[in-house]
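Given next are the chains, with one letter for each unit.
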Amino acid sequence: MERYTSWFAKKHFLFPASFIIRLALVIYGDYQDRTMEVKYTDIDYHVFTDAARFITQGESPCNRSTYRYAPVLAWILTPNIYLNFTFGKILFILCDVLTGLLIYQYLCLRGISSEVACRVCSLWLLNPLPMGVSSRGNAESILTALVLCTLLCLEGRRLTWAAALYGLSVHMKIYPVTYALPIALALRTQVTPGVGREAVHPQRRGWGSSLWGFLRSFLNGELLLFAVVAAIVFFGLGALFYHMYGWDFLHETYLYHLTRRDIRHNFSPYFYMLYLTADSEWSQWLGLAAFVPQLALLLLVSWVHHRDLALCCFLHTAIFVSFNKVCTSQYFLWYLCLLPLVIPNLSLSTWQGVALLALWFTGQGAWLGPAYFLEFKGHNTFLAIWLAGLLFLVINCFILVQIVVHYRPVAQAAQGRKDK
Amino acid sequence: LYNFVLTIPVYFSDDKDQNICGIGRQWLESILVSTECNGNGFHREMVTTVKFSPDVPNVLNVLLVHKLPRGIYVDPYQLATLNDSDSHLQILLDSPINLEAPAHRTGGFSALLYATLVGQRSKLLKKSIPIHCRYHEPSFGDQKAVIVNIGSPDLLLRSETCNDGSNFKSYSIVDAPCTATNSSICSWVQIRLNKEQSHVSLQIPVGDGSLVIHVICGTLLVTFICCSALSLKIWKHRVLT
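None of the values given here were measured: they were computed from a predicted structure.

1. Points about the overall build of chain A
At step 1: Counting its secondary structure elements, chain A contains 23 helices and zero strands.
At step 2: With respect to the principal axes defined by its C-alpha atoms, chain A has extents near 75 × 60 × 45 Å.
At step 3: When the 420 residues of chain A are sorted by exposure, 53% land in the buried category.
At step 4: In chain A, the proportion of contacts linking residues at least 24 apart, taken out of those at least 6 apart, comes to 73%.
At step 5: Looking at chain A as shown, the accessible area adds up to about 19600 Å², and 67% of this sits on carbon and sulfur atoms.

2. Let's talk about the packing of helix α11 (residues 180-187) of chain A against helix α18 (residues 309-322) of chain A
Residue and element names in this part refer to chain A.
At step 1: Packing of α11 against α18 brings their axes to within 10 Å, and their N-to-C directions diverge by 160°. The angle between α11 and α18 places the two elements in the roughly antiparallel class. For the pair α11 and α18, the crossing hand works out as right-handed. Side by side, α11 and α18 meet where Pro 182, Ile 183 and Ala 186 of the first sit next to Leu 309, Cys 312 and His 316 of the second.
At step 2: Within the contact of α11 with α18, the residues separate by chemical class into five nonpolar, one polar and no charged.

3. Considering the confidence of the model for chain B
All names here are of chain B.
At step 1: In the predicted model, chain B carries a mean pLDDT of 80, and 77% of its residues have values of at least 70.
At step 2: Within chain B, no element has a lower average pLDDT than strand β1 (residues 19-20), which sits at 54, and none a higher one than strand β6 (residues 72-73), at 94.
At step 3: Segment residues 1-18: pLDDT under 50, and 42 contacts once partners within four positions in sequence are set aside and those in other chains are kept.
At step 4: Reported for the predicted complex are a pTM of 0.86 and an ipTM of 0.86.

4. Examining helix α3 (residues 43-56) of chain A
Residues spaced three or four apart along an α-helix face the same direction, because each turn holds 3.6 residues.
Residue and element names in this part refer to chain A.
At step 1: Counted at 1.5 Å a residue, the expected span for α3 with its 14 residues is 20 Å, and the 20 Å between its end C-alpha atoms agrees.
At step 2: Most of α3 sits inside the fold, with ten of its 14 residues counted as buried.
At step 3: Considered for burial, the residues of α3 that qualify are Asp 44, Tyr 45, Val 47, Phe 48, Thr 49, Asp 50, Ala 51, Ala 52, Phe 54 and Ile 55.
At step 4: Of the residues that open α3, the one with a side-chain oxygen 2.8 Å from the backbone nitrogen of Asp 44 is Asp 42.
At step 5: Positive phi shows up at Gly 58, right after α3, with a value of about 80°.

5. Let's talk about the interface of chain A and chain B
At step 1: Every contact between the two is made by 51 residues of chain A and, on the other side, 40 residues of chain B.
At step 2: Interface area, chain A with chain B, both sides summed: about 4100 Å², of which 72% is carbon and sulfur.
At step 3: On the chain A side of the contact with chain B, A:Arg264, A:Tyr275 and A:Leu276 bury the most area, a combined 14% of that side's loss.
At step 4: Counting across the chain A and chain B interface gives three salt bridges.
At step 5: Between A:Arg264 and B:Glu100 there is a salt bridge, and its shortest N-O distance comes to 3.7 Å.
At step 6: At the level of secondary structure, the elements contributing two or more residues to the side of chain A that touches chain B comprise α16 (271-276), α17 (283-305), α21 (350-377) and α22 (382-405) of chain A.
At step 7: The greatest single-element share of the side of chain A that touches chain B, amounting to eleven residues, is contributed by α22(A).

6. A look at the packing of aromatic side chains
Residues and elements named next belong to chain A.
At step 1: For the structure on display, the rule yields 37 aromatic pairs over all chains.
At step 2: Pairing Phe 48 with Phe 92 gives two aromatic rings, centres 6.2 Å apart and planes at 80°, and the pair type is edge-to-face. In this pair, Phe 48 is assigned in helix α3 and Phe 92 in helix α6 (residues 87-109), connecting sequence segments 44 residues apart.
At step 3: Accessibility expressed as a relative area gives 1% for Phe 48, which makes it buried.
At step 4: Plain terms: the ring middles of Phe 241 and Phe 249 are 6.0 Å apart, the flat faces sit at 50° to each other, and that makes the pair tilted. For the pair Phe 241 and Phe 249, a shared accessibility class is recorded, and that class is buried.

Each value, and the rule that gives it
- Residues numbered from 1 in each chain as written.
- Chains lettered and ligands numbered in written order.
- Predicted model: local features only at pLDDT ≥ 70, side-chain atom pairs only at ≥ 80, totals over all residues.
- Heavy atoms only, no water.
- Helix = DSSP H or I, 4+ residues; strand = E, 2+ residues; numbered from the N terminus.
- Buried < 20%, exposed > 50% of the residue type's maximum accessible area, 1.4 Å probe, protein only.
- Contact = heavy atoms within 4.5 Å.
- Areas by Shrake-Rupley, 256 points an atom, 1.4 Å probe, with all protein chains shown as cover.
- Axes fitted to C-alpha atoms, helices over the stretch in contact; angles between N-to-C directions.
- Parallel < 35°, antiparallel > 145°, perpendicular 65-115°, else oblique.
- Left-handed = near helix turned anticlockwise from the far one by under 90°.
- Nonpolar A, V, L, I, M, F, W, Y, C, P; charged D, E, K, R; others polar.
- pLDDT = per-residue confidence, 0-100.
- Expected span 1.5 Å × (residues − 1).
- Polar contact = N/O pair within 3.5 Å; in protein donor to acceptor, adjacent residues only side chain to side chain.
- Buried area = accessible area lost by both parts, 1.4 Å probe.
- Salt bridge = Lys/Arg side-chain N within 4 Å of Asp/Glu carboxyl O.
- Phe/Tyr/Trp six-rings, centres within 6.5 Å; stacked < 30°, edge-to-face > 60°.

This is the structure in structure tokens:
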């Protein structure tokens, strides 16, 4: 076993192998689409391609019903029309492998050895979930690559690049906007207790002074540079596409996601509640009530863990997805790509990790069963789906608790590796 | 793009031996149309079968007008994919389709299915359309499902060689697009049918509205407990380090 797993520790094998496996899946997917009734390619890929076709005809990609993505994605995929239908899939699997490479680079920058970094990367590169998602034509790998590149640039203190990539990430998908607070807290001037005026008159420091000191810490050259560059990229792209496509662009790319209330079954614990109350007067208040736990946890995590951006962004995204009013399986990739950054600092044993993974899959399976019977067999399993959604939330929270409890901060982890 | 005009002047004739453009009246009246739905759940196949007696005229254009209720929809993009494949499904929809709206927030629509009968070999026309069910409002009674009925389609015929409307005085004449490309309007003859079944019924599961209070309380309670437990652990861990 050690002999086989040692191959995972060799980057010259791991990265090419992961690309070849994904390419094989793309080729197989093309064969399945042509010969079988159940198609391999995801419906989203057809949506992207149809939107790209509209662009080639001089129209707006938003004319494609259910195209709820940034127009830049459809522009990138115009070679699907001009060259070959599978161009987009090749691009997505390349971004998928790039995500793995960025994870490797980040871990090496954190002082992890190449061998350990490769083993950790293999959790992404040889993971069937991202393999399947990207080879089926979902564009999540573009976002995962952008987010990881942003974190890598922040870790390497290349703030201009980090800001530009962050602005592009938020333009393409709105969820990275939650990282703004921890990034701001991380880049602000860190106040060391017991230094300066605070050390001279500690008893006389009031709330007003503390608040002013806290706010003043954000007036920092690095933070301002990051904010300005990110804003230029985000609003610049927004202005460009608004000029080209008007209100439809704003609605389909951003407003739809902010106000989305999908009453159809999904992993969210709020699904059944929102379905039953969709037309009632409580609907708006319940939507607000659903937002409170998500917001509270995001603020808490930002404050507690902003010094370790990898952990902070992972917890942010996992909490955002788990407590969101809509949750589909594609959202899992948003935080799964950040998990390898956290794993080297966990004191969990391999068996504990495997047990948590099995628990996570069990939670999904408990939901997928009744959902299948509802959607494809017509059985009334709404109650079972609701309960399974709540169970999945409980399992996700349990796993996050285990990660938080067993996480050793970077300095301690480095000392631990040194002591060994 | 989708608009077409229906005009239905109706005249009656008792002459059973009338031959219209080489098509026997008895042949027309012997046509049987049936509709069935295969599959279960929210994704099904609506199969329409048209049985003709032997001696089909040389070339005959067939148009089946399906009037579908608001609880059902077809995906025009899926249909376009099927159109490109071997199935050659020629369908024209009379209005844009909202793929995500629940049933009570949308309306019914018509799907025009085009086919061509060629020669005496074509005695049976069988066309399958993928349909999808919409979410319906929750039920506040004992019903666990709603019933959605799909009626049999209207059958319209058109001959390329015989377009003179005066030959069809005893039938309804309908103006409709000539083909699924909707580039021109033609006159079609609506055939009164001996329909084998009047409608197809689909059962679509719905949520139980009587549980709304339990669901709200249960959901908010569990999410509050999870949020609190996670917050405590995050804060406690922060204090320890």
